[in-house]
Number of protein chains: 2
Amino acid sequence: RQYRLPLARWWKQYTGADAQGDVIAGLVTAVMLIPQGMAFALMAGLPAQVGLYASMLPMLVYAVLGSSRTLSVGPVSVAAIMVAQTLHTLPAGTDPFAATLGLAFLSGVILLAMGFLRLGLLANLLSHPVLAGFTTAAALLIIVSQLPALTGAAAGAISLSTIESWFTPVLSRPQTLLLGGVAIAFLLIAGKLLQRVLESAGLPVRVAAVLTRTAPLAAIVAGALIATRLNADATTIATVGVIPGGLPTLSLPAGLELLLQLTPAALAISLVGYVESVSIAQSLAHRERERVDPNQELIALGAANLAAGLSSGMPVAGGFSRTMVNKAAGARTPFASIVAATVVTIIAAKFTPLLSGIPKVILAAIIVVGVVQLIDVRGAVAAWRYDRSDGIAFLVTAAGVLILGIETGLALGIVASFAGLIWRGARPHIAELGRVPGTEHFRNIKRHRVETRRGVELLRVDENLTFANAAWIESVLEEQVRTHPNLRHLVLVMSSVSAVDFTALGMLQRVILSLAEADVTLHLAEVKGPVMDHLASARLPVTLGRGKIYLSTHQAVVDLGE
Amino acid sequence: RQYRLPLARWWKQYTGADAQGDVIAGLVTAVMLIPQGMAFALMAGLPAQVGLYASMLPMLVYAVLGSSRTLSVGPVSVAAIMVAQTLHTLPAGTDPFAATLGLAFLSGVILLAMGFLRLGLLANLLSHPVLAGFTTAAALLIIVSQLPALTGAAAGAISLSTIESWFTPVLSRPQTLLLGGVAIAFLLIAGKLLQRVLESAGLPVRVAAVLTRTAPLAAIVAGALIATRLNADATTIATVGVIPGGLPTLSLPAGLELLLQLTPAALAISLVGYVESVSIAQSLAHRERERVDPNQELIALGAANLAAGLSSGMPVAGGFSRTMVNKAAGARTPFASIVAATVVTIIAAKFTPLLSGIPKVILAAIIVVGVVQLIDVRGAVAAWRYDRSDGIAFLVTAAGVLILGIETGLALGIVASFAGLIWRGARPHIAELGRVPGTEHFRNIKRHRVETRRGVELLRVDENLTFANAAWIESVLEEQVRTHPNLRHLVLVMSSVSAVDFTALGMLQRVILSLAEADVTLHLAEVKGPVMDHLASARLPVTLGRGKIYLSTHQAVVDLGE
């Protein structure tokens, strides 16, 4: 199959109706993107324009290469908090801006490399509970990171030791906290109620949804007006301040030493950004019966991050709420993102004075309200109820991220989820089977009313036979012989076994001999094709001696029963 | 079930015949143990008597607590080379003897802790290929470590950079190399031929086996006599030298800082020592239809190592060749080890002058011939042929141990074997099933001649449904719908599925809805009891809607076929 640029798939059939939807969606998204971009840059401890720059070239690159039609790629809160934590741990004297560019550049290189190696499957490293635990903890960290801006304190490190200092300004100048509180209340109410109010006022659902999403813009405009009025002495309410106009400069990343130092953080940022983006893209594609190609997404997100690193931006990914707005506003193709990126570019080039009066506390309020939805307590409870090891993976990840930092917490969560997988396979369920009366179907004697035959025992091991469980299975089989003195034939029902590794092969060979000494013959039944090929290559049928390999359990019982 | 000391199990039924076998075996084992102990201590870079001390108290402790009747616990070559490597990496100025005691003490604590936590299953961390790769590489390292002794060079670090210095003495004084070469040739021939010669001379097999194992003693006596004659100037052939007589002193381990530093090495030593010991003990127990209790072995080996650490010894484990000799010489109970430990104690206390004349080169020859059998090239080839990922685990471990050191190599091997396990589960085999004519048995349509029904597709996923493969399985299921336009019913045959985790549950819920939109109903068949309990707790039967859960695939086909 020939490779085709994703752009080529929609460009040829592009219609006027598509254009109408895309242009409106692009304008709406840009209105959301500008304050978000500035807020995420400030959260990471960077000048506000970095967030704008990350919404230009990277967005265009994704529009050309991405396999999702409506995913909105740009600065996102989770990547921003990860950048903030990374910058915080760098040795003193490191240029934070150069480090951010390095992170974006490295993330791009990592994703591109994974894409060319077709490692899209690696996204599965992050199980659902790990991802939920991660975003929940990251959302809490983000909220904490906004406390200084909400109280009017200087933007400080995310640290409990400076917590009192955030609140001292509140006593002398409570205006900031008051404005922030009002903004949060307004945004929460707008999110929950405005849609319903507008709908009951007779507006179409989609128009109501788009209008609801302009609430942040209203908050910004109102906030800027209030701040201008209050800021008689120009310090009462901190604003974004002067933003240099013009386009971002292009530059190569800093030295190799810094890049090496940033690699673990870049790995975490790219993995999380990729998995989040693909989940959002796939959930949209499912609704539209389209297809997101995981490997193409690696290439597209990699190129977008590379572009961010080379054009004075910060790491980018697909943003959940922005993508929803884009979709709700009528986006049909990536052209909507091209429109949005163009609008951002025009604003950043010519109209930055418009942005300088925006109070930082309003941006903080927008962030806080935006990330509250990432806190997934219900998901945690559901995972815990469904399966203890899934619940543990959630808790380990969340606690790890909060206590030990984002990368360590994420790594711990991945290890915990794989440990759960391995632990489950280490002590497999082994069922003794009997025949369901009147059928050729065999089930667990403990759960079903079934028929058994004297001297013939049917054991079904519910797991692949591997080094992780070989010793345990061996001890169970030998125990059977000890506890069943009349046993003549032991049939291993292999319906659940899809692999037998070298260690387990050795175990089977030992068990066959050891059962033979106790005058018990081992047989196999329902061995799957690929497993049979493997066992045959190791001459296990010969080792079985008098033991046979039956196609079905039914045949085994017919043949062996007295 | 009440806990009983293993000693209590054999002591009450002890007979005169048992005593006869045990005493002879104890004497023979002691003859082997004394040169081995000294050689392993020298290999680790320690005074020779440390190896003797490690053969006293630890051996007695294991005799009382061990669940194996004939395992001979004491100094072993693999533990010795691990100690040597650890001592080599310690900062200058560290007392090597204190560090060795610390290693033994820590190994003891680790094993005891694992025993009290009943973590015997953790032995499964080491798959057969990883263990084989490890011992093969360790054997090569041991042989290299003996080159200085074999060439008469000063015992140096195991390093290629000093390799010329090992051979300089050969040019000036070739006697050492000559004596070593003759000893190796004699030991190899004795091992291969002597047994057969003695048997054909009419001796019983067992007596011949025991006599064959005394070849090292013959080499030592002859070597000592030759060295005494040649050593006119007392430097031509290096001997063991003066060994202080008396019993080992008891002492507590060194400071906490050193212990913390030694922990990774102690973890590796205890894990390897434990797994090796249990494999030897189990292979013997299988022959005798006895039982080795993995958790009791943790306690026994832990206590033995603790004893070694407190009584001036070095880390101990079950030795393969020594255990075989013990068994072949007639050992029936751990009393044989009590005899052997007593003999070693008497020699070390009163007769050390007898040992001082033993040439180091003879001990080196004994070690080299002993470890050659650990090099398992055949096992590597068999593993590689059987399954590529098993072969890779062997190679990664062996190369890691040789290039990066014992602990790192072992850790890499463990990671590689688990990665293989996870990789195998990430892209599971998915078979389309049909009915074997005339039966109620369903098999892969690609491998068997089977009957299918139009509009009903049966898919069997040959792996547990987990986060590691959920995305992949989802894409396969959706692909089915796209490629089979006439499909009405998709039956997921769950006979190979023993677990469905939270991530996969979410996948199933999504797939049910997405298939329903394409007018395809998802059904389940042969869901195992524990899996059904889980799915029911998450109300999946409700989510299935019109889809049903069938006891057997046969029932599903009968019900759904037109």
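You'll find the structure just up there.
Because the structure is predicted, anything quoted here is derived from the model rather than measured. (Residues numbered from 1 in each chain as written. Chains lettered and ligands numbered in written order. Predicted model: local features only at pLDDT ≥ 70, side-chain atom pairs only at ≥ 80, totals over all residues. Heavy atoms only, no water.)

Caption draft 1: The arrangement of the interface of chain B and chain A in detail. Listed as interface residues are 68 residues of chain B and, on the opposing side, 67 residues of chain A. In total, chain B and chain A occlude about 5800 Å² of area from one another, counting both sides; carbon and sulfur atoms represent 59% of this. The largest contributions to the chain B side of the interface with chain A come from B:Tyr386, B:Phe467 and B:Phe502, which together make up 15% of the buried area. Where chain B packs against chain A, one counts four salt bridges. Of the charged contacts, one joins A:Asp462 and B:Lys528 as a salt bridge, the two residues approaching to 3.0 Å between their closest N and O atoms. At the boundary of chain B with chain A, the tally comes to 29 residue pairs in polar contact (both at pLDDT 80 or more). Looking at the side of chain B that touches chain A, the elements with two or more residues in it are helix 7 (128-151), helix 12 (256-288), helix 18 (377-386), helix 20 (406-426), helix 21 (470-483), helix 22 (502-517) and helix 23 (529-537) of chain B. For the side of chain B that touches chain A, the per-class residue count stands at 24 nonpolar, 22 polar and 22 charged. (Contact = heavy atoms within 4.5 Å. Buried area = accessible area lost by both parts, 1.4 Å probe. Salt bridge = Lys/Arg side-chain N within 4 Å of Asp/Glu carboxyl O. Polar contact = N/O pair within 3.5 Å; in protein donor to acceptor, adjacent residues only side chain to side chain. Helix = DSSP H or I, 4+ residues; strand = E, 2+ residues; numbered from the N terminus. Nonpolar A, V, L, I, M, F, W, Y, C, P; charged D, E, K, R; others polar.)

Caption draft 2: Fine view of the pairing of strand 7 (residues 521-525) of chain B. Residues and elements named next belong to chain B. For strand 7, a buried count of five out of five residues is recorded, marking the element as mostly surrounded by other parts of the structure. Burial of the side chains of strand 7 extends over both faces: Thr 521, His 523 and Ala 525 are buried on one face and Leu 522 and Leu 524 on the other. Following the backbone out of strand 6 (residues 489-493), through helix 22 and into the adjacent parallel strand 7, one traces a crossover that is right-handed. Where strand 7 and strand 8 (residues 549-550) come together, two bridges link them in parallel fashion. The residue bridging Ala 525 from the neighbouring strand is Tyr 550, located in strand 8. (Buried < 20%, exposed > 50% of the residue type's maximum accessible area, 1.4 Å probe, protein only. Right-handed = clockwise from strand over helix to strand, strands pointing away. Pairing = 2+ DSSP bridges.)

Caption draft 3: View of the side chain of B:Ser312. All names here are of chain B. You can see Ser 312 is positioned in the loop between helix 13 (294-310) and strand 2 (317-318). Of the residues examined, Ser 312 reaches a relative accessible area of 3% and is grouped as buried. At a separation of 2.7 Å, a polar atom in the side chain of Ser 312 contacts the main-chain carbonyl oxygen of Thr 249.

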